[in-house]
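Topology and contacts: notes
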Amino acid sequence: MELIQETPDLSAYLAADEVIDHHHPLVRDTAARLAKDAEDSYAYARLAFEFVRDTIPHSQDSGDLRVTWRASDVLEQRTGICYAKAHALTALLRAEDIPTALCYQTFDVVHGLVAVRFNGAWHRQDPRGNKPGVNARFSLGDERLAFLPDTAAGESDHPVLYAAPPPSVLRALRAASDRPHLWKSLPTTL
């Protein structure tokens with residue numbers, strides 16, 4: 001699948017906003033701590049991916065009822081669904097000047113992941129968190145995502161790379177009083 005930038009301006013994939021708040025002190029401190037152990041930007045990206053995947057539980061897997069959506073809140077509260085974890089990873093990567101996009105797949109609902117730009121190409125990564133049957137890995141080669149869509153069942157990969165979360169994703173996260181409420185309002189399309 002060919003990934004398509006929503007905007008041709010690569011600087012949009014380095015920008016901070018209310019959701020991808022990579023200028024927040026907690027995001028900056030976390031990025032600096034991870035960067036200390038990285039010999040280059042590729043190693044940093046892998047460490048940031050593993051940090052989000054492994055130390056911030058997916059709230060559905062852990063049973064956490066809280067809903068997070070802002071990157072700094074995800075890092076502070078250590079919980080989030082796929083969208084929130086993608087926001088946190090995006091902020092950590094952009095904090096170290098690695099162009100990062102938000103991207104999506106559709107199953108019964110829309111699933112969020114990220115794409116990082118290395119060596120002139122975009123590479124999708126899924127920080128949702130591993131569990132039995134899910135083994136996502138950081139890779140610039142063959143994708144090692146949490147889920148693969150079954151096109152015969154109507155599931156799909158979306159080729160668009162977003163600089164900011166689509167309104168449907170952000171609206172669902174912001175409106176949810178808790179995760180059970182969020183589960184009833186997850187977007188099924190972008």
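Below: a short report on this structure. (Residues numbered from 1 in each chain as written. Predicted model: local features only at pLDDT ≥ 70, side-chain atom pairs only at ≥ 80, totals over all residues. Heavy atoms only, no water.)

**Some remarks on the pattern of salt bridges**
- Scanning all chains against the criterion turns up 10 salt bridges.
- Beyond isolated ion pairs, a larger network of salt bridges with shared partners links Glu18, Arg70, Asp73 and Arg174. (Salt bridge = Lys/Arg side-chain N within 4 Å of Asp/Glu carboxyl O.)

**A short note on the side chain of Ser59**
- Along the chain, Ser59 turns up in helix H3 (residues 59–62).
- Excluding residues that lie within four positions of it along the chain, Ser59 makes contacts with Asp64, Arg66, Thr79, Gly80, Ile81 and Arg179. (Helix = DSSP H or I, 4+ residues; strand = E, 2+ residues; numbered from the N terminus. Contact = heavy atoms within 4.5 Å.)

**Observations concerning the environment of Pro166**
- Take Pro166: it is sitting in the loop between strand E6 (160–161) and helix H6 (167–175).
- Separated by 53 residues in sequence, Pro166 and Leu113 have C-alpha atoms that sit 13 Å apart.
- Beyond its immediate chain neighbours, meaning those up to four positions away, Pro166 contacts Tyr104 and Leu190.

**Focus: the sheet that holds strand E5 (residues 156–157)**
- Spatially, 4 strands are ordered E4-E3-E2-E5 in an open sheet, and the strand pairing comes out antiparallel. Only two strands of the sheet have a single neighbouring strand rather than two, namely strand E4 (121–125) and E5.
- With 5 bridges connecting them, strand E3 (residues 110–118) and E4 associate as antiparallel partners. In the strand pairing of E4, Val116 is matched with His123. (Pairing = 2+ DSSP bridges.)

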